[in-house]
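Fold and geometry: a report
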Amino acid sequence: MSQYEIKSISSIERRVKIVTRNNERSIMNQKLDIKELISAQKPGWSLDQRFYTDPDIYQLELDHIISQNWIFAGHESQIPNAGDFRVINVANESAIIVRNKDGKLKAFANVCRHRGSLVCLESEGSTNKFSCPYHGWVYNLDGELTAARNMPNDFDKSDFSLHKLSIDIIYGLVFVCFSDSPPSWDGAKRDLKEPMEMFDFENLKVAAEITYPIEANWKLSIENYQECYHCATAHPEYAKMHTLMLDDTKRDRVQEHMLERMESCGIKNIEIDFIDMKAREGEQGYGYSRTALFKGYKTGSKDGEAVAPLLGNFKDYDGGASDFSFGAFTFMLAYSDHVVVYVFTPVDIGNSECKIYWLVRNDAEEGQDYNKDDLVWLWDVTTHADKTIIVNNRKGVESKYYVPGPFSGMEDAESVYIQWILKELAARV
Ligand code: FES
Ligand SMILES: [Fe+2]
(Lines give C-alpha, C1' and ligand atoms only; values in the text may rest on other atoms or scores of the structure.)
(Ligands and ions follow the chains in the order given, each with its own letter.)
Protein backbone atom coordinates (compact mmCIF):
# COMPACT_ATOMS: atom_id res chain seq x y z
CA MET A 1 0.00 0.00 0.00
CA SER A 2 1.44 3.40 -0.96
CA GLN A 3 1.85 6.30 1.46
CA TYR A 4 -0.75 8.21 -0.49
CA GLU A 5 -3.28 5.39 0.00
CA ILE A 6 -2.52 5.24 3.74
CA LYS A 7 -3.01 8.99 4.04
CA SER A 8 -6.23 8.96 2.13
CA ILE A 9 -7.65 6.12 4.26
CA SER A 10 -6.83 7.89 7.50
CA SER A 11 -8.35 11.13 6.21
CA ILE A 12 -11.49 9.23 5.22
CA GLU A 13 -11.60 7.70 8.68
CA ARG A 14 -11.24 11.13 10.22
CA ARG A 15 -14.01 12.48 8.08
CA VAL A 16 -16.24 9.52 8.93
CA LYS A 17 -15.59 10.17 12.62
CA ILE A 18 -16.48 13.84 12.23
CA VAL A 19 -19.66 13.04 10.33
CA THR A 20 -20.62 10.42 12.94
CA ARG A 21 -19.92 12.85 15.76
CA ASN A 22 -21.98 15.54 14.01
CA ASN A 23 -24.83 13.11 13.48
CA GLU A 24 -24.71 12.09 17.11
CA ARG A 25 -24.71 15.75 18.10
CA SER A 26 -27.64 16.53 15.86
CA ILE A 27 -29.62 13.54 17.23
CA MET A 28 -28.78 14.73 20.74
CA ASN A 29 -29.89 18.28 19.86
CA GLN A 30 -33.12 16.97 18.37
CA LYS A 31 -33.74 15.02 21.56
CA LEU A 32 -33.02 18.09 23.66
CA ASP A 33 -35.37 20.14 21.49
CA ILE A 34 -38.13 17.55 21.83
CA LYS A 35 -37.57 17.31 25.57
CA GLU A 36 -37.84 21.09 25.88
CA LEU A 37 -40.89 21.12 23.65
CA ILE A 38 -42.59 18.45 25.77
CA SER A 39 -41.95 20.29 29.01
CA ALA A 40 -43.18 23.55 27.43
CA GLN A 41 -46.67 22.06 26.82
CA LYS A 42 -49.29 23.58 29.10
CA PRO A 43 -51.59 20.99 30.70
CA GLY A 44 -55.19 21.65 29.66
CA TRP A 45 -54.14 23.21 26.34
CA SER A 46 -53.92 21.70 22.88
CA LEU A 47 -50.52 20.55 21.64
CA ASP A 48 -47.90 22.49 19.75
CA GLN A 49 -48.02 22.13 15.95
CA ARG A 50 -44.81 20.04 15.90
CA PHE A 51 -46.59 17.15 17.60
CA TYR A 52 -48.61 16.76 14.40
CA THR A 53 -45.95 17.52 11.81
CA ASP A 54 -42.46 16.68 13.10
CA PRO A 55 -41.10 13.39 11.68
CA ASP A 56 -38.79 12.94 14.71
CA ILE A 57 -41.74 13.10 17.12
CA TYR A 58 -43.71 10.73 14.90
CA GLN A 59 -40.80 8.29 14.93
CA LEU A 60 -40.70 8.44 18.73
CA GLU A 61 -44.43 7.72 18.80
CA LEU A 62 -43.97 4.75 16.47
CA ASP A 63 -41.20 3.33 18.64
CA HIS A 64 -42.66 3.97 22.07
CA ILE A 65 -46.41 4.34 21.76
CA ILE A 66 -47.74 2.69 18.60
CA SER A 67 -45.62 -0.44 18.91
CA GLN A 68 -45.81 -0.70 22.71
CA ASN A 69 -49.58 -0.83 23.14
CA TRP A 70 -52.21 -3.40 22.20
CA ILE A 71 -54.38 -2.81 19.14
CA PHE A 72 -57.71 -4.52 18.44
CA ALA A 73 -57.45 -6.88 15.47
CA GLY A 74 -60.94 -8.35 15.28
CA HIS A 75 -63.29 -10.77 17.00
CA GLU A 76 -62.30 -14.42 17.33
CA SER A 77 -65.43 -15.40 15.42
CA GLN A 78 -63.95 -13.76 12.29
CA ILE A 79 -61.30 -16.47 12.15
CA PRO A 80 -63.14 -19.57 13.43
CA ASN A 81 -61.40 -22.39 11.52
CA ALA A 82 -57.83 -23.58 10.95
CA GLY A 83 -56.32 -21.51 8.15
CA ASP A 84 -58.68 -18.53 8.56
CA PHE A 85 -56.69 -15.31 8.68
CA ARG A 86 -56.93 -11.54 8.88
CA VAL A 87 -54.32 -8.90 8.10
CA ILE A 88 -54.09 -5.70 10.14
CA ASN A 89 -51.96 -2.75 9.02
CA VAL A 90 -50.71 -0.17 11.49
CA ALA A 91 -48.34 2.55 10.24
CA ASN A 92 -45.26 0.73 8.84
CA GLU A 93 -46.30 -2.63 10.26
CA SER A 94 -48.53 -5.38 8.97
CA ALA A 95 -49.71 -8.35 11.01
CA ILE A 96 -51.11 -11.69 9.88
CA ILE A 97 -53.47 -13.21 12.47
CA VAL A 98 -54.20 -16.83 11.69
CA ARG A 99 -55.74 -19.86 13.36
CA ASN A 100 -53.29 -22.76 13.18
CA LYS A 101 -54.03 -26.48 12.81
CA ASP A 102 -54.29 -26.87 16.62
CA GLY A 103 -57.00 -24.21 16.69
CA LYS A 104 -54.76 -21.60 18.33
CA LEU A 105 -54.61 -17.98 17.18
CA LYS A 106 -51.15 -16.83 16.13
CA ALA A 107 -49.85 -13.48 14.91
CA PHE A 108 -46.87 -12.91 12.62
CA ALA A 109 -45.16 -9.95 11.05
CA ASN A 110 -46.29 -9.90 7.44
CA VAL A 111 -42.68 -9.59 6.24
CA CYS A 112 -40.94 -12.29 4.23
CA ARG A 113 -37.69 -13.60 5.73
CA HIS A 114 -36.12 -13.74 2.26
CA ARG A 115 -35.96 -10.12 1.14
CA GLY A 116 -38.78 -8.57 3.04
CA SER A 117 -41.79 -8.50 0.74
CA LEU A 118 -45.24 -8.50 2.26
CA VAL A 119 -46.19 -12.18 2.33
CA CYS A 120 -49.96 -11.91 2.45
CA LEU A 121 -51.61 -9.34 0.22
CA GLU A 122 -55.23 -10.14 1.08
CA SER A 123 -56.95 -8.55 4.05
CA GLU A 124 -58.69 -11.76 5.08
CA GLY A 125 -59.38 -15.26 3.86
CA SER A 126 -58.64 -18.91 4.43
CA THR A 127 -55.54 -20.85 3.40
CA ASN A 128 -53.32 -23.77 4.38
CA LYS A 129 -50.09 -21.89 3.67
CA PHE A 130 -48.75 -18.42 2.94
CA SER A 131 -46.72 -18.15 -0.28
CA CYS A 132 -44.67 -15.02 -0.71
CA PRO A 133 -45.71 -13.38 -4.00
CA TYR A 134 -42.12 -12.26 -4.75
CA HIS A 135 -39.99 -15.43 -5.04
CA GLY A 136 -42.36 -18.02 -3.66
CA TRP A 137 -41.03 -18.85 -0.19
CA VAL A 138 -43.77 -20.79 1.58
CA TYR A 139 -44.75 -20.58 5.27
CA ASN A 140 -47.14 -22.85 7.17
CA LEU A 141 -49.85 -21.72 9.59
CA ASP A 142 -47.27 -21.61 12.41
CA GLY A 143 -45.15 -19.18 10.41
CA GLU A 144 -42.47 -21.79 9.72
CA LEU A 145 -40.69 -21.71 6.39
CA THR A 146 -41.50 -24.95 4.57
CA ALA A 147 -40.19 -24.30 1.05
CA ALA A 148 -37.58 -22.05 -0.56
CA ARG A 149 -36.18 -22.85 -4.00
CA ASN A 150 -32.49 -22.91 -5.01
CA MET A 151 -31.03 -22.02 -1.66
CA PRO A 152 -27.49 -23.17 -0.70
CA ASN A 153 -27.02 -26.62 0.85
CA ASP A 154 -26.31 -25.25 4.29
CA PHE A 155 -29.51 -23.14 4.27
CA ASP A 156 -31.52 -24.06 7.33
CA LYS A 157 -35.23 -23.30 6.87
CA SER A 158 -35.82 -23.39 10.60
CA ASP A 159 -33.81 -20.15 10.94
CA PHE A 160 -36.26 -18.30 8.73
CA SER A 161 -39.68 -18.46 10.35
CA LEU A 162 -41.89 -15.38 10.20
CA HIS A 163 -41.36 -13.12 13.22
CA LYS A 164 -43.91 -13.84 15.92
CA LEU A 165 -46.03 -10.98 17.23
CA SER A 166 -47.69 -10.69 20.62
CA ILE A 167 -51.34 -11.72 20.60
CA ASP A 168 -53.91 -11.90 23.40
CA ILE A 169 -57.63 -12.61 23.55
CA ILE A 170 -60.02 -10.98 26.00
CA TYR A 171 -63.45 -12.62 26.01
CA GLY A 172 -63.37 -13.10 22.23
CA LEU A 173 -61.64 -9.81 21.40
CA VAL A 174 -58.32 -10.30 19.62
CA PHE A 175 -55.50 -7.83 20.28
CA VAL A 176 -52.03 -7.68 18.75
CA CYS A 177 -48.96 -5.76 19.82
CA PHE A 178 -45.82 -5.08 17.79
CA SER A 179 -43.58 -5.58 20.81
CA ASP A 180 -42.07 -8.69 22.40
CA SER A 181 -42.74 -7.26 25.85
CA PRO A 182 -46.24 -5.79 25.62
CA PRO A 183 -48.12 -4.41 28.61
CA SER A 184 -50.12 -7.01 30.52
CA TRP A 185 -53.88 -7.42 30.11
CA ASP A 186 -54.24 -9.16 33.50
CA GLY A 187 -56.11 -6.29 35.12
CA ALA A 188 -58.53 -5.97 32.20
CA LYS A 189 -59.22 -9.70 32.15
CA ARG A 190 -59.96 -9.63 35.86
CA ASP A 191 -61.88 -6.36 36.23
CA LEU A 192 -63.79 -6.38 32.94
CA LYS A 193 -64.89 -10.00 33.43
CA GLU A 194 -68.28 -9.05 34.86
CA PRO A 195 -69.34 -6.45 32.27
CA MET A 196 -67.90 -8.46 29.38
CA GLU A 197 -69.71 -11.61 30.45
CA MET A 198 -72.87 -9.57 30.86
CA PHE A 199 -72.74 -8.57 27.17
CA ASP A 200 -71.52 -12.08 26.31
CA PHE A 201 -68.62 -10.74 24.26
CA GLU A 202 -67.36 -14.25 23.53
CA ASN A 203 -70.53 -15.08 21.64
CA LEU A 204 -70.78 -11.98 19.49
CA LYS A 205 -70.10 -11.79 15.76
CA VAL A 206 -69.09 -9.00 13.44
CA ALA A 207 -72.11 -7.95 11.40
CA ALA A 208 -70.35 -5.08 9.64
CA GLU A 209 -66.88 -3.58 9.39
CA ILE A 210 -65.98 -0.28 7.71
CA THR A 211 -62.64 1.50 7.43
CA TYR A 212 -62.63 5.29 7.33
CA PRO A 213 -59.37 6.83 6.08
CA ILE A 214 -58.75 10.22 7.72
CA GLU A 215 -56.25 12.70 6.26
CA ALA A 216 -54.90 13.80 9.62
CA ASN A 217 -52.31 12.79 12.17
CA TRP A 218 -53.55 9.90 14.34
CA LYS A 219 -53.62 12.02 17.51
CA LEU A 220 -56.12 14.46 16.01
CA SER A 221 -58.40 11.50 15.21
CA ILE A 222 -58.22 10.06 18.73
CA GLU A 223 -58.38 13.45 20.43
CA ASN A 224 -61.62 14.09 18.57
CA TYR A 225 -63.03 10.75 19.75
CA GLN A 226 -62.07 11.62 23.33
CA GLU A 227 -64.23 14.70 23.60
CA CYS A 228 -67.88 15.47 23.08
CA TYR A 229 -67.55 19.25 23.13
CA HIS A 230 -68.04 19.04 19.37
CA CYS A 231 -71.05 16.69 19.49
CA ALA A 232 -73.72 19.36 19.75
CA THR A 233 -72.37 21.21 16.70
CA ALA A 234 -71.14 18.34 14.54
CA HIS A 235 -73.48 15.43 15.27
CA PRO A 236 -77.19 16.29 15.22
CA GLU A 237 -78.08 12.59 14.92
CA TYR A 238 -75.92 11.53 17.87
CA ALA A 239 -76.96 14.57 19.92
CA LYS A 240 -80.61 13.47 19.70
CA MET A 241 -79.96 10.28 21.63
CA HIS A 242 -76.69 10.48 23.56
CA THR A 243 -76.55 12.59 26.71
CA LEU A 244 -72.80 13.08 26.99
CA MET A 245 -72.93 16.75 26.07
CA LEU A 246 -75.44 17.59 28.82
CA ASP A 247 -74.18 19.37 31.88
CA ASP A 248 -73.81 17.20 34.98
CA THR A 249 -77.12 18.12 36.67
CA LYS A 250 -79.20 17.46 33.58
CA ARG A 251 -77.33 14.22 32.84
CA ASP A 252 -77.81 13.02 36.42
CA ARG A 253 -81.57 13.30 35.98
CA VAL A 254 -81.59 11.15 32.82
CA GLN A 255 -79.06 8.81 34.41
CA GLU A 256 -81.40 8.34 37.38
CA HIS A 257 -84.11 7.04 35.08
CA MET A 258 -81.72 4.49 33.55
CA LEU A 259 -80.38 3.37 36.93
CA GLU A 260 -83.93 2.66 38.11
CA ARG A 261 -84.52 0.38 35.09
CA MET A 262 -81.20 -1.41 34.92
CA GLU A 263 -81.79 -4.20 37.39
CA SER A 264 -85.12 -5.29 35.93
CA CYS A 265 -83.47 -5.32 32.46
CA GLY A 266 -80.75 -7.69 33.71
CA ILE A 267 -77.97 -5.07 33.46
CA LYS A 268 -75.65 -4.66 36.44
CA ASN A 269 -74.56 -1.25 37.59
CA ILE A 270 -70.76 -1.43 37.28
CA GLU A 271 -68.23 1.38 37.07
CA ILE A 272 -64.52 0.88 36.46
CA ASP A 273 -62.57 4.10 36.38
CA PHE A 274 -60.34 4.55 33.39
CA ILE A 275 -57.18 5.94 34.92
CA ASP A 276 -54.76 6.11 32.04
CA MET A 277 -53.76 4.13 28.94
CA LYS A 278 -51.53 2.28 31.43
CA ALA A 279 -53.61 1.19 34.40
CA ARG A 280 -50.51 0.41 36.41
CA GLU A 281 -46.84 0.18 35.49
CA GLY A 282 -46.50 -2.49 32.79
CA GLU A 283 -50.26 -2.97 32.53
CA GLN A 284 -52.55 -1.77 29.76
CA GLY A 285 -55.34 0.55 30.92
CA TYR A 286 -59.07 -0.17 30.70
CA GLY A 287 -62.36 1.22 31.87
CA TYR A 288 -66.13 0.71 31.90
CA SER A 289 -69.13 2.95 32.56
CA ARG A 290 -72.77 3.20 31.45
CA THR A 291 -74.51 6.40 30.41
CA ALA A 292 -78.20 6.99 29.77
CA LEU A 293 -79.59 7.72 26.33
CA PHE A 294 -82.39 10.25 25.97
CA LYS A 295 -85.89 9.07 26.79
CA GLY A 296 -87.45 7.09 23.96
CA TYR A 297 -84.11 5.64 22.76
CA LYS A 298 -83.56 1.95 23.39
CA THR A 299 -80.36 1.94 21.37
CA GLY A 300 -78.30 4.03 18.94
CA SER A 301 -80.71 3.90 16.00
CA LYS A 302 -82.57 6.33 13.76
CA ASP A 303 -85.92 5.96 15.49
CA GLY A 304 -84.65 4.78 18.86
CA GLU A 305 -86.03 1.30 18.32
CA ALA A 306 -84.01 -1.91 18.56
CA VAL A 307 -81.78 -2.81 15.59
CA ALA A 308 -80.77 -6.31 16.76
CA PRO A 309 -81.78 -8.89 19.40
CA LEU A 310 -80.88 -8.10 23.03
CA LEU A 311 -77.36 -9.15 24.03
CA GLY A 312 -76.44 -11.64 26.77
CA ASN A 313 -79.30 -12.45 29.09
CA PHE A 314 -80.78 -9.00 29.00
CA LYS A 315 -84.53 -8.94 29.52
CA ASP A 316 -85.30 -5.46 28.29
CA TYR A 317 -83.82 -2.11 27.29
CA ASP A 318 -82.69 0.13 30.15
CA GLY A 319 -82.09 3.08 27.80
CA GLY A 320 -78.34 3.14 28.35
CA ALA A 321 -75.06 2.56 26.50
CA SER A 322 -71.76 1.38 28.01
CA ASP A 323 -68.32 2.69 27.22
CA PHE A 324 -65.42 0.26 27.28
CA SER A 325 -61.82 1.44 26.90
CA PHE A 326 -58.96 -0.89 26.01
CA GLY A 327 -55.65 0.92 26.07
CA ALA A 328 -54.71 3.70 23.72
CA PHE A 329 -56.34 2.82 20.40
CA THR A 330 -59.50 0.80 21.04
CA PHE A 331 -62.82 2.08 22.34
CA MET A 332 -66.23 0.42 22.42
CA LEU A 333 -69.80 1.47 22.87
CA ALA A 334 -72.10 -1.32 24.04
CA TYR A 335 -75.78 -0.68 23.50
CA SER A 336 -78.25 -3.26 24.79
CA ASP A 337 -78.50 -4.91 21.37
CA HIS A 338 -75.16 -4.28 19.64
CA VAL A 339 -71.58 -3.23 20.28
CA VAL A 340 -69.64 -0.71 18.21
CA VAL A 341 -65.84 -1.00 18.26
CA TYR A 342 -63.66 1.95 17.17
CA VAL A 343 -60.00 1.40 16.42
CA PHE A 344 -57.84 4.40 15.55
CA THR A 345 -54.41 3.82 14.05
CA PRO A 346 -51.79 5.86 12.20
CA VAL A 347 -51.09 5.24 8.53
CA ASP A 348 -48.25 7.78 8.34
CA ILE A 349 -47.52 11.11 9.97
CA GLY A 350 -50.34 12.89 8.15
CA ASN A 351 -52.84 10.09 7.74
CA SER A 352 -54.79 7.86 10.08
CA GLU A 353 -57.60 5.39 9.94
CA CYS A 354 -60.69 4.65 11.98
CA LYS A 355 -61.91 1.08 11.66
CA ILE A 356 -65.38 0.42 13.03
CA TYR A 357 -66.82 -3.00 13.79
CA TRP A 358 -70.51 -3.56 14.56
CA LEU A 359 -71.06 -6.66 16.71
CA VAL A 360 -74.33 -8.48 17.34
CA ARG A 361 -75.08 -11.77 19.07
CA ASN A 362 -73.78 -14.65 16.99
CA ASP A 363 -77.15 -16.36 16.56
CA ALA A 364 -78.72 -13.23 15.04
CA GLU A 365 -79.51 -13.59 11.35
CA GLU A 366 -79.08 -10.81 8.85
CA GLY A 367 -82.32 -9.78 7.16
CA GLN A 368 -84.34 -11.42 9.86
CA ASP A 369 -82.93 -10.21 13.20
CA TYR A 370 -80.98 -7.22 11.98
CA ASN A 371 -80.50 -5.09 8.94
CA LYS A 372 -76.98 -3.85 8.22
CA ASP A 373 -78.03 -0.38 7.04
CA ASP A 374 -80.07 0.26 10.19
CA LEU A 375 -77.30 -1.15 12.38
CA VAL A 376 -74.50 1.03 11.00
CA TRP A 377 -76.57 4.18 10.36
CA LEU A 378 -75.69 6.24 13.46
CA TRP A 379 -71.96 5.62 13.58
CA ASP A 380 -71.51 5.74 9.85
CA VAL A 381 -73.11 9.18 9.60
CA THR A 382 -71.30 10.31 12.77
CA THR A 383 -67.89 9.08 11.59
CA HIS A 384 -68.28 10.78 8.20
CA ALA A 385 -68.97 14.02 10.07
CA ASP A 386 -65.98 13.36 12.34
CA LYS A 387 -63.73 12.85 9.32
CA THR A 388 -64.65 16.29 8.04
CA ILE A 389 -64.06 18.09 11.34
CA ILE A 390 -60.79 16.24 12.00
CA VAL A 391 -59.43 17.15 8.55
CA ASN A 392 -60.51 20.78 9.04
CA ASN A 393 -58.74 20.68 12.39
CA ARG A 394 -55.58 19.39 10.70
CA LYS A 395 -55.65 22.14 8.09
CA GLY A 396 -55.83 24.78 10.80
CA VAL A 397 -53.22 23.13 13.00
CA GLU A 398 -50.78 23.15 10.07
CA SER A 399 -51.20 26.90 9.56
CA LYS A 400 -48.48 29.31 10.69
CA TYR A 401 -51.19 31.10 12.68
CA TYR A 402 -52.00 28.06 14.80
CA VAL A 403 -51.15 28.35 18.48
CA PRO A 404 -52.35 25.93 21.18
CA GLY A 405 -55.72 26.83 22.71
CA PRO A 406 -57.36 26.07 26.07
CA PHE A 407 -59.64 23.07 26.58
CA SER A 408 -63.20 23.39 27.79
CA GLY A 409 -64.62 21.51 30.77
CA MET A 410 -65.84 18.89 28.27
CA GLU A 411 -62.39 17.94 27.01
CA ASP A 412 -60.97 16.31 30.14
CA ALA A 413 -60.48 12.87 28.57
CA GLU A 414 -58.62 14.44 25.66
CA SER A 415 -56.44 16.29 28.13
CA VAL A 416 -55.65 13.02 29.98
CA TYR A 417 -54.79 11.38 26.66
CA ILE A 418 -52.42 14.16 25.65
CA GLN A 419 -50.74 14.17 29.05
CA TRP A 420 -50.20 10.43 28.76
CA ILE A 421 -48.57 10.80 25.33
CA LEU A 422 -46.30 13.54 26.65
CA LYS A 423 -45.38 11.41 29.66
CA GLU A 424 -44.57 8.39 27.45
CA LEU A 425 -42.46 10.48 25.08
CA ALA A 426 -40.72 12.39 27.88
CA ALA A 427 -39.53 9.11 29.39
CA ARG A 428 -37.76 8.27 26.11
CA VAL A 429 -35.99 11.49 25.16
S1 FES B 1 -39.12 -11.68 -0.69
FE2 FES B 1 -40.40 -13.31 -0.22
S3 FES B 1 -39.68 -14.92 -1.42
FE4 FES B 1 -38.34 -13.30 -1.86
FE1 LIG C 1 -67.48 13.10 16.84
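Heads up: these notes are all about the structure in this document. The structure presented is a predicted model; accordingly, all values stated were derived computationally and were not measured.

The next subject is the overall build of the chain. A count of helices and strands for the chain gives 11 helices and 18 strands. For 429 residues, the compact-globule estimate of 2.2 N^0.38 gives 22 Å, and the chain sits close to it at 25 Å. Within the chain, the fraction of its 429 residues that count as buried is 36%. Restricting to contacts in the chain with at least 6 residues of sequence separation, those with at least 24 account for 67%.

Further remarks concern the sheet that holds strand 1 (residues 71–75). With respect to topology, three strands assemble into an open sheet ordered 1-10-9, the strand pairing being antiparallel. Sheet topology places strand 1 and strand 9 (166–170) at the edges, where each strand pairs with a single neighbour. On average, each strand axis in the sheet is tilted by 30° relative to the strand beside it, whichever way the strands run. One ladder, built from five bridges, connects strand 9 with strand 10 (residues 173–177); its direction is antiparallel. Across the sheet, the residue bridging to Ile170 is Leu173, located in strand 10.

In this section: the sheet that holds strand 16 (residues 330–334). In spatial order, the strands read 11-18-17-16-15-14; together these six strands make up an open sheet with antiparallel pairing. Every interior strand has two partners, whereas the edge strands, strand 11 (204–214) and strand 14 (286–292), have only one. Along the sheet, successive strands turn relative to each other by an average axial angle of 20°, direction set aside. Sheet topology note: the strand 17 (residues 339–348)/strand 18 (residues 351–361) ladder contains nine bridges and is antiparallel. Each bridged residue has a counterpart across the sheet, and for Val340 the counterpart in strand 18 is Trp358. Contacting strand 11, strand 16, strand 17 and strand 18, helix 6 (residues 218–226) runs over the sheet at an angle of about 155° to strand 17.

Turning our attention to helix 11 (residues 412–426). For helix 11, which comprises 15 residues, the first-to-last C-alpha distance of 21 Å matches the rise-based estimate of 21 Å (1.5 Å per residue) to within 8%. Within the span of helix 11, buried status applies to Glu414, Tyr417, Ile418, Ile421 and Leu425. One face of helix 11 carries all of its buried residues, which in axial projection span an arc of 95°.

Attention now moves to the packing of helix 6 against helix 11. The geometry of helix 6 relative to helix 11 is characterised by a closest axis approach of 8 Å and an angle of 145° between their N-to-C directions. Seen from above, helix 6 lies across helix 11 with right-handed handedness. Between helix 6 and helix 11, the contacting residues are Lys219, Ile222, Glu223 and Gln226 on the first element and Ala413, Glu414, Tyr417 and Ile421 on the second. Of the residues contributing to the contact of helix 6 with helix 11, the split by class is four nonpolar, one polar and three charged.

Within the fold, Tyr225 resides in helix 6. In the structure, Tyr225 is positioned 147 residues away from Gln78 in sequence and 26 Å away in space, judged by C-alpha atoms.

What follows covers unusual backbone geometry. A negative phi angle is the norm for most residues apart from glycine, just as the trans form is the norm for most peptide bonds. With a phi angle near 50°, Ala91 is a residue other than glycine that sits in the positive phi range. In this fold, Ala91 is placed in the loop between strand 2 (84–90) and strand 3 (93–99). We classify Ala91 as buried; it has 20 C-beta atoms within 10 Å. Within the chain, Asp200 stands out as a residue other than glycine whose phi angle is a positive 55°. Along the chain, Asp200 turns up in the loop between helix 5 (193–198) and strand 11.

Next up on the list: the nonpolar core. Counting residues in hydrophobic clusters, the biggest one holds 101 residues, and the most contacted among them are Ile71, Ala73, Ile96, Ile97, Phe175, Val176 and Val341. Looking at which domains feed residues into this core, each of domain 1 (71–167) and domain 2 (184–426) gives three or more. When residues no more than four places from it in sequence are discounted, the contact partners of Phe175 are Trp70, Ile71, Phe72, Ala73, Asp168 and Ile170.

Conventions used here
Residues numbered from 1 in each chain as written. Chains lettered and ligands numbered in written order. Predicted model: local features only at pLDDT ≥ 70, side-chain atom pairs only at ≥ 80, totals over all residues. Helix = DSSP H or I, 4+ residues; strand = E, 2+ residues; numbered from the N terminus. Rg over C-alpha atoms; globule rule 2.2 N^0.38 Å. Buried ≥ 20, exposed ≤ 12 C-beta atoms within 10 Å, placed from the backbone. Contact = placed C-beta atoms within 7 Å. Pairing = 2+ DSSP bridges. Axes fitted to C-alpha atoms, helices over the stretch in contact; angles between N-to-C directions. Expected span 1.5 Å × (residues − 1). Arc of directions from axis to C-beta. Left-handed = near helix turned anticlockwise from the far one by under 90°. Nonpolar A, V, L, I, M, F, W, Y, C, P; charged D, E, K, R; others polar. Core = buried A, V, L, I, M, F, W, Y, C linked by C-beta atoms within 7 Å. Domains from an automatic or database assignment.

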